[in-house]
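Observations on the model geometry
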Amino acid sequence: MKTFKGEARDKKLWNDFLNQQNNDSNSFLKACWLYAECYVYRRLYYFFENHRILKTYDYFSQNKQKAFTISVGAMLNVFEVLQSMKSHISDDNLKLLLKLNLWGNRCDLSISSGKEVKPGDNPFELARNLDKKIIVDESCKIIECLNHADRKNSVIEFICDNAGYELFTDFILADYLIESKLVSKVRFNLKAMPWFISDATFNDFRWSLEYMKNHSSPVLREYGQKWQAFVIGNKFELANVNYFWTSPYEYYRMPEIDPELHKRLSKSHLVIFKGDLNYRKLISDFSWDCTESFKTCLKGFQPTNLCSLRTIKADLICGLLEGQSKSLEKENNEWMITGEFGTIQFAAKCDCFHNSDR
Ligand SMILES: O=P(O)(O)OC[C@@]1(O)O[C@H](CO)[C@@H](O)[C@@H]1O
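Model, not experiment: these values are computed from the prediction. Numbering of residues begins from 1 in every chain and follows the order in which that chain's sequence is written. Under the rules for a predicted model, residues below a pLDDT of 70 receive no local features and side-chain atom pairs below 80 are neither given nor counted, while totals for whole chains, interfaces and linings still include all residues. Side-chain metrics in this entry use all non-hydrogen atoms of the structure; hydrogen atoms and water are not considered.

**Digging into the nonpolar core**
What counts is decided by this rule: In this text, buried Ala, Val, Leu, Ile, Met, Phe, Trp, Tyr and Cys residues form a nonpolar core when linked through side-chain atoms within 4.5 Å. Residue burial is assigned from relative accessible area. The probe radius is 1.4 Å, only protein chains are included, and a residue is buried under 20% of its type maximum, exposed over 50%, and partly exposed in between. Each helix corresponds to a stretch of at least 4 residues labelled H or I by DSSP, and each strand to a stretch of at least 2 residues labelled E; elements are numbered beginning at the N terminus. Contact between two residues is taken to exist if any of their heavy atoms lie within 4.5 Å; hydrogens are not considered.
Within the largest apolar cluster, 61 residues are counted, with the highest numbers of intra-cluster contacts made by Phe168, Phe188 and Trp227. Looking at which element gives the most residues to this core, the answer is helix H8 (residues 165-179), with 10 residues. Not counting the four nearest positions on each side in its chain, Trp227 is found in contact with Phe79, Phe168, Phe171, Ile172, Asp175, Leu209, Met212 and Phe236. Counting residues in hydrophobic clusters, the runner-up holds 55 residues, among them Leu13, Ile283, Leu320 and Phe341.

In structure tokens, the structure reads:
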């Protein structure tokens, strides 16, 4: 893996990392999966960013936009159910929205190697029926944490994953948190470059709201306008560009590599990490004993209360009960790589909530 040349703002971040690798492991074939995969996506962008005309071109944008447009049927269904929830703010509704958001992570174009992945037409029914597939469910702890938020001043940080339907479910959850007045602001952390095919960039975020605002369906138009107004009114905030999210670093190294980012996260009430890649970075892509606690696997990374909503696509996990992985293996010996199963895990910063040790 070669160091980068040119003027890129993350050149030093990447080159310092590459220079720290020992010669034996500094190659695509020998590096660990996380590093090699991140390097490939960064190197791909390098070819474009140094091109006179193509420097702002997002080579995955067509796939991502298609992923959004083919999900309109599911989105309309979500809005229909949501209308009835609005008049009835409750922990049960919040729990259901967390699950809707979790399953949104199935719609990822990197696991399908770019092939279309469409959500079912009735996502709430799916979310209600898939509880057996959530093999660690700490949604109650997340809700308890949200109920402790200082409603007037609390910020939630979303560390987003995929554009398309998953980003839509992020908006839905964020909207509910704002409307129910549990928090005052949701900040979205997006990718600074095309990443893992479908990861959401700043442009994807803006494109999605603009697409909704101009749609022929009145409800899509209404919410497109509403969420654009949230952006202008600072209820939805786009975090500044940050290259840490497209670096290969595991999150426990954040205080050393990007102390400013760590400090900013620590001021929020809760950080929601979406998806599989964020999970791998949270627990350092190590093959932990699957019964090890989430908190231990974070290796001290705990800027504030944090949670992870992830469909399982990579063969690492923690927080399971004794014997649980054996029975999953019997059910489906590919349970760790298909995205069929999911986890909702939580780690509390302070003692005021239960912690996630199981
Ligand atoms: O973060 P996501 O979107 O949930 O998942 C991304 C992901 O499925 O893509 C990769 C396959 O290339 C896996 O490494 C990874 O876990």
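**Details of the confidence of the model for the protein**
Test applied: A residue's pLDDT is simply how confident the predictor is in it, with values from 0 to 100.
For the protein, the mean per-residue pLDDT works out to 93, and 96% of the residues sit at or above 70. Both scores are available for the predicted complex, with the pTM at 0.95 and the ipTM at 0.95.

**Observations concerning the packing of H8 against helix H10 (residues 218-232)**
Applicable threshold: Where helices are involved, their axes are fitted lines through C-alpha atoms of the stretch in contact, as for all axes, and angles between N-to-C directions lie from 0 to 180°. Roughly parallel means an angle under 35 degrees; roughly antiparallel, over 145; roughly perpendicular, 65 to 115; everything else is oblique. Put simply, a crossing is left-handed when the front helix is turned counterclockwise from the back one by less than a right angle, and right-handed when it is turned clockwise.
One way to put it is that H8 packs onto H10 with a least axis distance of 12 Å and a crossing angle of 65°. Classed by the angle they form, the pair H8 and H10 counts as roughly perpendicular. Regarding H8 and H10, the two cross each other, and that crossing is left-handed. Where H8 abuts H10, its residues Phe168, Phe171, Ile172, Asp175, Ile178 and Glu179 lie against Tyr223, Lys226, Trp227 and Phe230.

**A short note on the sheet that holds strand S4 (residues 236-238)**
Which entries qualify depends on this criterion: Strand pairing is assigned whenever DSSP detects at least two bridges linking the two strands.
Pairing is mixed in the open sheet, where 7 strands are placed in the order S1-S7-S6-S5-S2-S3-S4. With one partner strand each, in any of the chains shown, strand S1 (134-137) and S4 form the two edges of the open sheet. Between one strand axis and the next, the sheet turns by 15° as a mean value, whatever way the strands run. Pairing of strand S2 (residues 155-159) with strand S5 (residues 270-274) involves 4 bridges; the strand directions are parallel. What sits directly across from Glu157, in S5, is Val271. Each of S2, strand S3 (185-189), S4 and S5 is contacted by H8, which is oriented at about 160° to S3, the strand it contacts most.

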